[in-house]
Amino acid sequence: MHESGTGSETDPTGDSGVDHVFLALERELAVFLRRARASSGEMAREVHPELEPAAYGLFVRLEEVGQQRATELAGYFGVGKATMSRQLRALEELGLVAREPDPADGRASLVRLTDEGLARFRRVRDARRDSYVSKLAGWDRGEIAELARLLHQLNARAEG
């Protein structure tokens, strides 16, 4: 049994009131998120040198759902319409996304990846996947599946 103040199996918070399990989770998520942000920036620049880090997430979303309204994209990413409009305008000027009239509402438009945008995104995404395969080569496939399942569960609860 641990001494008082060090946190024990029966009292995970110890005397300090800190739950060390959640403290460790917070610490690991902070490292993971910092690396993910840096990686998204690198990957966005690999798609095109002029892209902002946030652009990579737009590519992921548009490849996943196909065409979408800018307002839906803004809501999904939790940014304002003006921010989304600026990001999409930059991508449009680079020829990586295109806007088309929404057949359901003539006042709105749908955003989609162009063939060039999709090809560039997939090339970078596939290289990223190869990197994951290399970094996780020593892991059991069941562990990788479990990590994916747990991350999905965490994301689903965060959205709900």
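Residues numbered from 1 in each chain as written. Predicted model: local features only at pLDDT ≥ 70, side-chain atom pairs only at ≥ 80, totals over all residues. Heavy atoms only, no water.

1. Comments concerning the confidence of the model for the protein chain
- Counting all residues, the mean pLDDT for the protein chain is 88, and 90% of those residues have values of 70 or more.
- Contacts from residues 1-10, a stretch scored under 50 in pLDDT, to residues over four places away or in other chains number seven contacts. (pLDDT = per-residue confidence, 0-100. Contact = heavy atoms within 4.5 Å.)

2. Quick word on the pattern of salt bridges
- In total, this model carries twelve salt bridges according to the counting rule given.
- Between R86 and E52 there is a salt bridge, with the nearest N and O atoms lying 2.7 Å from each other. Within this pair, whereas R86 is found in helix α4 (residues 81-93), its partner E52 is found in the loop between α1 (20-47) and α2 (54-65), the two being separated by 34 residues in sequence.
- E52 sits in the partly exposed class, given a relative accessible area of 35%.
- In this structure, E92 engages R99 in a salt bridge whose closest nitrogen and oxygen atoms are separated by 3.1 Å. (Salt bridge = Lys/Arg side-chain N within 4 Å of Asp/Glu carboxyl O. Helix = DSSP H or I, 4+ residues; strand = E, 2+ residues; numbered from the N terminus. Buried < 20%, exposed > 50% of the residue type's maximum accessible area, 1.4 Å probe, protein only.)

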